Amino acid sequence: MSAEPRLRTGLWVSAVLRQANSAGCPAFRRRRGDEDAGGVLAILTSRDRKTVVLAQTRAPDGSPAWIRGSGADPVDEATAEAYVERQVGRDPDLWVLEFETEDLAPPFEAVLL
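Model, not experiment: these values are computed from the prediction. (Residues numbered from 1 in each chain as written. Predicted model: local features only at pLDDT ≥ 70, side-chain atom pairs only at ≥ 80, totals over all residues. Heavy atoms only, no water.)

The next point concerns the pairing of strand S5 (residues 95-100). With five of six residues buried, S5 is to be regarded as a mostly interior element. When strand S1 (residues 27-31) meets S5, the two strands line up antiparallel, connected through four bridges. Bridge assignment links arginine 31 to a residue of S5, and that residue is valine 96. Pairing geometry for strand S2 (residues 40-45) and S5, over six bridges, is parallel. Within S5, the residue paired with valine 40 across the bridge is tryptophan 95. (Buried < 20%, exposed > 50% of the residue type's maximum accessible area, 1.4 Å probe, protein only. Helix = DSSP H or I, 4+ residues; strand = E, 2+ residues; numbered from the N terminus. Pairing = 2+ DSSP bridges.)

The subject of this paragraph is the environment of lysine 50. Checked against the element boundaries, lysine 50 lands in the loop between S2 and strand S3 (51-58). A relative accessible area of 40% means that lysine 50 is categorised as partly exposed. Between the alpha carbons of lysine 50 and alanine 82 there is a distance of 14 Å; along the sequence they are 32 residues apart. Apart from residues no more than four positions distant in its own chain, lysine 50 is found in contact with Leu44, Thr45, Pro74, Val75 and Leu104. (Contact = heavy atoms within 4.5 Å.)

This part is about the environment of alanine 59. Checked against the element boundaries, alanine 59 lands in the loop between S3 and strand S4 (64-68). The contacts of alanine 59, once residues within four sequence positions are left out, are Ala65 and Leu113.

With that settled, consider helix H2 (residues 77-90). Between its first and last C-alpha atoms H2 spans 20 Å; for 14 residues at 1.5 Å apiece the expected length is 20 Å, and the two agree. Listed as buried for H2 are Ala80, Tyr83, Val84, Gln87 and Val88. One side of H2 carries all its buried residues, which in axial view fall inside an arc of 130 degrees. In H2, the exposed positions angled more than 90 degrees off the buried face are occupied by Ala78, Glu85, Gly89 and Arg90. Against S1, S2, S3 and S5 lie the buried residues of H2. For H2, the N-terminal capping position is held by aspartate 76, with its side-chain oxygen 3.1 Å away from the main-chain nitrogen of alanine 78. (Expected span 1.5 Å × (residues − 1). Arc of directions from axis to C-beta. Polar contact = N/O pair within 3.5 Å; in protein donor to acceptor, adjacent residues only side chain to side chain.)

What follows is the structure, given as structure tokens:
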């Protein structure tokens, strides 16, 4: 189990959005979740409108990680939206962020499982 201190989600979201926008990667918050401990979905969209949705999780050792919630391959926007809506329906504290990226890679530090 990881013993690292946990950063408040609202603070993490603000920092990630500012960093992405400063680096030229358009990013915005689509949905505000719980400030202290809400989970995060990150929608990554390429210019050709292919989309990947990443969901926060924990690695077996307890460290923060991400999974491709929308599947291994990019999906269309409608499929991504349906996934996001299902997750928000299950977790009302969920944050939803969107990033436009060239290669569908997260513009923040992320371990992908």
